[in-house]
Protein chains: 2
Amino acid sequence: MHIVITGAAGFLGQRLVARLLARGELQGQPIHRLTLIDQDEAPLPADPGEVDVESLAMDITEPGEIDIVLDARPRVIYHLAAVVSSAAEADLELGMRVNFDATRLLLEGCRERGLNTTRLVMASSVAAYGGELPAVLDDMTALQPQNSYGTQKAMCELLINDYSRRGLVDGCVLRLPTIIVRPGRPNAAASSFASSILREPLNGEEAVCPVPTELTMFVMSPGKVIEALVHAAEVAGETLAPFRAFMLPGITVSVAEMLETLRQVAGDEALARVRHERDPQVEAIVASWPARFETRRARELGFSGDRSLREIVEAFLDERG
Amino acid sequence: MHIVITGAAGFLGQRLVARLLARGELQGQPIHRLTLIDQDEAPLPADPGEVDVESLAMDITEPGEIDIVLDARPRVIYHLAAVVSSAAEADLELGMRVNFDATRLLLEGCRERGLNTTRLVMASSVAAYGGELPAVLDDMTALQPQNSYGTQKAMCELLINDYSRRGLVDGCVLRLPTIIVRPGRPNAAASSFASSILREPLNGEEAVCPVPTELTMFVMSPGKVIEALVHAAEVAGETLAPFRAFMLPGITVSVAEMLETLRQVAGDEALARVRHERDPQVEAIVASWPARFETRRARELGFSGDRSLREIVEAFLDERG
């Protein structure tokens, strides 16, 4: 079992590497080779065991660059490389090149080599939704993205579905909820606060909540996202028709519930570390993301979500140690 | 008012040219120039009056080809050039190049020249729908196309919407119902019979009906489609947000109703010219097209459909003379 991961230096990429190595097998076959791809060399795992892990610095938006990797005929490709929504919005050409053209090159590379049974797993996003949305979204809700990142992801979904329908590759695209609690520091993402208002107080630091507490979000823990990525490589291709992209089963939580969970887990002292300071720009973006989904497709395909916000927070604490 | 039409040699392109010349104005401004583009030179109208009509043979999938046209800063671009669904299914590369890449080149050309107020009107299709569809579709029904043509059109919709949202062009995409009654001869399209079972008997010829008579379709007359294309150039851009692609208000008719209308208009003798000979392939394709739509967006934007099947047939007879 040879697995390729693009965007392997990222948060999800690094966790996926660790999980795959811990698992040792995928699709019932022992993993013998892992190829990590990122624009700079992704860190190699400290203890790869018997697995041959290589890390390649590569610009996958350059035609031909990834060919040498595809020539090895990997069984599974995790395509996680992307520029984030703020960058895609700031630079249309960059977003199109990385988020769309690179996916197309990957699909064409698979097609040219007849990699029709190679499972291609891509991460899409809640940002692909937009417009006049119903109160509760489902698997047949239109994608009318109101940002370039979501547009590019939606186009990739269509293309991967078509290549899969034609039997040229075996694709599966997961639309990811907002991931909380991310480790590390706050970043420029509009969703950054959702991790920050839990992570920082739990670490004894201050955090800013830029949105009203009644605002709701659709969230999933990093652990469940990685579990979903593993499952996406194993779910039978024939069950993925007629459309190979769907929303993962996140849970709907309000900011108020997040803060109450923080209080339950770490006390009033932790809660007091959250300062409320509205940021209309962040609020507008986050409020535009749908928060209620009926995710029947994903559940029928065996994907599962977190049971509660409390479990999400406790998993973060366990992991942090 | 300078108007560009790609695919100008086609059925819709030629009718649109005639209608625009008959009208003489668009967006309240006199039309002084019409640029017709097709892979072979589109026929020039016999009587262009005061309008400067030019016909250019051009491969718009070649980067830079269309630049000379865009340099003239047209106010309206009708992008009707496409390869049809059977060709796009037979040749993925051809379909991607003509149906998707050419649209992207057009968008980039507009962006590079700052043609942000140029209205770009594209024709999309009912073929963009697919998958597990509800009984009645609406403006928020997901596009999960089950053919490459529909995939490419859906990708163009997303891209045109994003370029428009960013203020780089002023796009409007119309999803066309099945057009009946087309003039001319039967062709390879799966929908060809829908015109054929009316047109041929009305012309005293035999026709074959390859589907069960209870099958329903969503249809629009050529006249109403052209009216919609004209209106698409005139509808205010700010009313088109949040998503610039929508289904036109066709009418839902069964094949049985089509045959009954034929009988009412031309008698039992005409009806007897239709031979019933099932073709499972045609049936499978046509049955996969949704036939019931709630087209609120289009109606709110001022687009209108045919009042009845009888009117559609009578319009065909009037025109045939």
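Quick caveat: nothing in here was measured; it's all calculated off a predicted structure.

(A) Local environment of helix H8 (residues 255-271) of chain A. Residues and elements named next belong to chain A. For H8, which comprises 17 residues, the first-to-last C-alpha distance of 12 Å sits more than 12% below the rise-based estimate of 24 Å (1.5 Å per residue). At Val265, H8 shows its maximal kink, close to 110°. Of all the positions in H8, only Val255, Met258, Leu259, Thr261, Leu262 and Ala270 are classed as buried.

(B) Spotlight on the environment of Gly302(A). All names here are of chain A. Within the fold, Gly302 resides in the loop between helix H10 (296-300) and helix H11 (309-320). Among the residues examined, Gly302 registers a relative accessible area of 45% and is labelled partly exposed. Sequence-wise, Gly302 and Ala232 are 70 residues apart; in three dimensions their C-alpha atoms are separated by 9.4 Å.

(C) Region of interest: the relation of the copies chain B and chain A. Of the two same-sequence chains, chain B is brought onto chain A (RMSD 0.0 Å, axial shift 0.0 Å) by a rotation of 180°. Such values leave the two copies arranged in the relation of a two-fold axis. Among all C-alpha atoms of chain B, that of Ala142(B) lies closest to the rotation axis, at 1.8 Å. Interface overlap between copies: 100% of the residues of chain B at the interface are likewise at the interface in chain A, consistent with a symmetric, same-surface contact.

(D) Main features of helix H1 (residues 11-23) of chain A. All names here are of chain A. With 13 residues, H1 ought to run about 18 Å at 1.5 Å a step, and its terminal C-alpha atoms sit 19 Å apart, in line with that. The set of residues buried in H1 consists of Leu12, Gly13, Arg15, Leu16, Val17, Leu20 and Leu21. Positive backbone phi, approximately 80°, marks Gly24, located one or two places after H1.

(E) Region of the structure containing the side chain of Ser221(A). Residue placement: Ser221(A) occurs in the loop between strand E11 (216-220) and helix H7 (222-234). Look past the residues within four positions of Ser221(A) in its chain and what remains in contact with it is Ile179(A), Ile180(A), Asp306(A) and Ile312(A).

(F) Here's a closer look at the UniProt feature "domain: NAD-dependent epimerase/dehydratase" (unreviewed entry) in chain A. According to UniProt, the feature "domain: NAD-dependent epimerase/dehydratase" (unreviewed entry) maps to residues 3-232 of chain A in the numbering used here. Secondary structure over residues 3-232 of chain A splits into 37% helix and 21% strand, and the C-alpha atoms at its two ends are 13 Å apart.

(G) Representation of the pairing of strand E11 (residues 216-220) of chain B within the structure. Residue and element names in this part refer to chain B. Counted residue by residue, E11 has 4 buried out of 5 residues, so it is predominantly covered. As paired strands, strand E9 (residues 178-179) and E11 are joined by 2 bridges and run parallel to one another. Across the sheet, the residue bridging to Ile179 is Met220, located in E11. Note that E11 and strand E13 (residues 251-254) share 4 bridges and pair antiparallel. The partner of Phe218 across the bridge, within E13, is Thr252.

(H) Broad picture of the sheet that holds E9(B). With mixed pairing, 3 strands are arranged side by side in an open sheet as E9-E11-E13 (chain B). Edge positions in the open sheet fall to E9 and E13 of chain B, since each of these has one partner strand only.

(I) The arrangement of the packing of helix H6 (residues 192-202) of chain A against H8(A) in detail. All names here are of chain A. Where H6 contacts H8, the two axes come as close as 10 Å, and the packing angle between them is 10°. On the basis of their axis angle, the class for H6 and H8 is roughly parallel. Between H6 and H8, the contacting residues are Phe193, Ala194, Ile197, Leu198, Pro201 and Leu202 on the first element and Val255, Met258, Leu259, Leu262, Val265, Ala266 and Ala270 on the second.

(J) How the structure looks around the pattern of salt bridges. If you walk through the whole model with that rule in mind, you get 54 salt bridges over all chains. Across the salt bridge formed by Arg113(A) and Asp67(A), the nearest N and O atoms sit 3.4 Å from each other. One end of the pair, Arg113(A), is in the loop between helix H4 (92-112) and strand E7 (119-125); the other, Asp67(A), is in helix H2 (residues 67-70), with 46 residues separating them in the sequence. We note a salt bridge from Asp170(B) to Arg244(B), for which the minimum N-O separation is 2.7 Å. One end of the pair, Asp170(B), is in strand E8 (residues 170-176); the other, Arg244(B), is in the loop between helix H7 (222-234) and strand E12 (245-247), and 74 residues separate them in sequence. The same class applies to Asp170(B) and to Arg244(B), which are both buried. Residues joined by salt bridges that share partners form a network here, namely Asp67(A), Asp71(A), Glu112(A) and Arg113(A).

(K) Seen up close, the sheet that holds strand E12 (residues 245-247) of chain A. All names here are of chain A. Taken together, 7 strands build an open sheet; the order of strands is E5-E4-E1-E6-E7-E8-E12 and the sheet is parallel. Edge positions in the sheet fall to strand E5 (52-57) and E12, since each of these pairs with one other strand and no more. Here the average twist between neighbouring strands, direction ignored, is 15°. Pairing analysis gives 3 bridges linking strand E8 (residues 170-176) to E12, with the strands arranged parallel. Bridge pairing links Val173 to Ala245 in E12.

(L) Inspection of the domain arrangement of chain A at higher detail. All names here are of chain A. Each domain of chain A was delimited in the assignment, giving domain 1 (2-176 + 220-247) and domain 2 (179-218 + 251-292 + 307-320). Measuring from the centre of the C-alpha atoms in domain 1 to the corresponding centre in domain 2 gives 27 Å. Both faces combined, the contact of domain 1 with domain 2 buries some 1200 Å², and carbon together with sulfur accounts for 67% of it. Connecting domain 1 to domain 2 are 1 salt bridge. Salt-bridge contacts for Arg15 lead to Glu319; the nearest nitrogen and oxygen are separated by 2.5 Å. Here domain 1 is connected to domain 2 by 3 residue pairs in polar contact (both at pLDDT 80 or more). Among the elements of the structure, H1 and H7 are those that each provide at least two residues to the side of domain 1 that touches domain 2. In terms of residue count, H1 provides more of the side of domain 1 that touches domain 2 than any other element does, 3 residues in total. Here the side of domain 1 that touches domain 2 is composed, by residue class, of 13 nonpolar, 1 polar and 1 charged.

Conventions used here
- Residues numbered from 1 in each chain as written.
- Chains lettered and ligands numbered in written order.
- Predicted model: local features only at pLDDT ≥ 70, side-chain atom pairs only at ≥ 80, totals over all residues.
- Heavy atoms only, no water.
- Helix = DSSP H or I, 4+ residues; strand = E, 2+ residues; numbered from the N terminus.
- Expected span 1.5 Å × (residues − 1).
- Bend = angle between axes of the 7 residues up to and from the residue.
- Buried < 20%, exposed > 50% of the residue type's maximum accessible area, 1.4 Å probe, protein only.
- Least-squares fit on C-alpha atoms with pLDDT ≥ 70 in both.
- Contact = heavy atoms within 4.5 Å.
- UniProt positions renumbered as here; feature names shortened; annotations may be inferred.
- Pairing = 2+ DSSP bridges.
- Axes fitted to C-alpha atoms, helices over the stretch in contact; angles between N-to-C directions.
- Parallel < 35°, antiparallel > 145°, perpendicular 65-115°, else oblique.
- Salt bridge = Lys/Arg side-chain N within 4 Å of Asp/Glu carboxyl O.
- Domains from an automatic or database assignment.
- Buried area = accessible area lost by both parts, 1.4 Å probe.
- Polar contact = N/O pair within 3.5 Å; in protein donor to acceptor, adjacent residues only side chain to side chain.
- Nonpolar A, V, L, I, M, F, W, Y, C, P; charged D, E, K, R; others polar.

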